[in-house]
Amino acid sequence: MQITTTARDTELTSSLREYVENRLAFALSRFQDRIGGVAIVLSDVNGPKNGIDKRCLLKIRPRGLSEFIIEEIESDFQSALNRAADRAKRTLARQLRRRGERLALRG
């Protein structure tokens, strides 16, 4: 699974990049072989104005399924990413179930 991380209107530090990639890899590890790639875009919607304005956009390209986009906006990037990663995991599982694939449980 290829993960591409970019940032708009904010600085993408190495620690933030590492957190993003590790969190997403963990959330989607169950589907590693079914995902062609994930593009992550982090952006600060309001700039320096503060508030709930950190956006995490995930574009997921599963193999054999339609591409889908998850967007979350929170007060910080970690919270936005956590919510987006959980939604992506649930969405991908639902799409695979609808397609009739059995999901292997990992302990």
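What counts, and at which threshold
Residues numbered from 1 in each chain as written. Predicted model: local features only at pLDDT ≥ 70, side-chain atom pairs only at ≥ 80, totals over all residues. Heavy atoms only, no water. Helix = DSSP H or I, 4+ residues; strand = E, 2+ residues; numbered from the N terminus. Buried < 20%, exposed > 50% of the residue type's maximum accessible area, 1.4 Å probe, protein only. Contact = heavy atoms within 4.5 Å. Areas by Shrake-Rupley, 256 points an atom, 1.4 Å probe, with all protein chains shown as cover. Pairing = 2+ DSSP bridges. Axes fitted to C-alpha atoms, helices over the stretch in contact; angles between N-to-C directions. Polar contact = N/O pair within 3.5 Å; in protein donor to acceptor, adjacent residues only side chain to side chain. Expected span 1.5 Å × (residues − 1). Arc of directions from axis to C-beta.

Caption draft 1: Local environment of the overall build of the chain. Across its full length, the chain holds two helices and four strands. Its helices and strands taken in sequence order, the chain reads β-α-β-β-β-α from the N to the C terminus. Out of the 107 residues belonging to the chain, those deemed buried represent 36%. The long-range share in the chain, meaning contacts at least 24 apart out of those at least 6 apart in sequence, stands at 53%. On the chain, roughly 6,400 Å² of surface is accessible, and the fraction owed to carbon and sulfur atoms is 44%.

Caption draft 2: Spotlight on the sheet that holds strand β4 (residues 68-74). The four strands are arranged β1-β2-β3-β4 in an open sheet whose pairing can be described as mixed. Looking along the sheet, the strands with just one partner apiece sit at the ends: β1 (2-8) and β4. Between one strand axis and the next, the sheet turns by 15° as a mean value, whatever way the strands run. Here β1 pairs with strand β2 (residues 35-44) via seven bridges, running parallel. Residue pairing across strands places Ala7 opposite Leu42, the latter belonging to β2. Against the sheet, helix α2 (residues 77-99) touches β2, β3 (54-62) and β4, its axis set at about 150° to β4.

Caption draft 3: Fine view of the side chain of Thr5. In this structure, Thr5 sits in strand β1. Note on Thr5: relative accessible area 6%, which makes it buried. In terms of polar contacts, Thr5 uses its side chain to reach the side chain of Glu21, at 3.3 Å.

Caption draft 4: Spatial organisation of α2. In a regular helix each residue adds 1.5 Å, so 23 residues correspond to 33 Å; α2 covers 32 Å between its end C-alpha atoms and thus fits that length. Every buried residue of α2 is accounted for by Phe77, Ala80, Leu81, Ala84, Ala85, Ala88, Thr91, Leu92, Ala93 and Leu96. One or two residues past the end of α2 sits Gly100, with phi positive at roughly 95°.

Caption draft 5: Region of interest: helix α1 (residues 14-27). Along its 14 residues, α1 runs 20 Å from first to last C-alpha, staying within 8% of the 20 Å computed at 1.5 Å per residue. Among the residues of α1, those classed as buried are Leu16, Val20, Arg23, Leu24 and Ala27. The buried residues of α1 all sit within an arc of 95° when viewed along its axis, so they share a single face. Turned more than 90 degrees away from the buried face of α1 sit Ser14 and Phe26, all of them exposed. Contacts from the buried residues of α1 go to β1, β2, β3 and α2.

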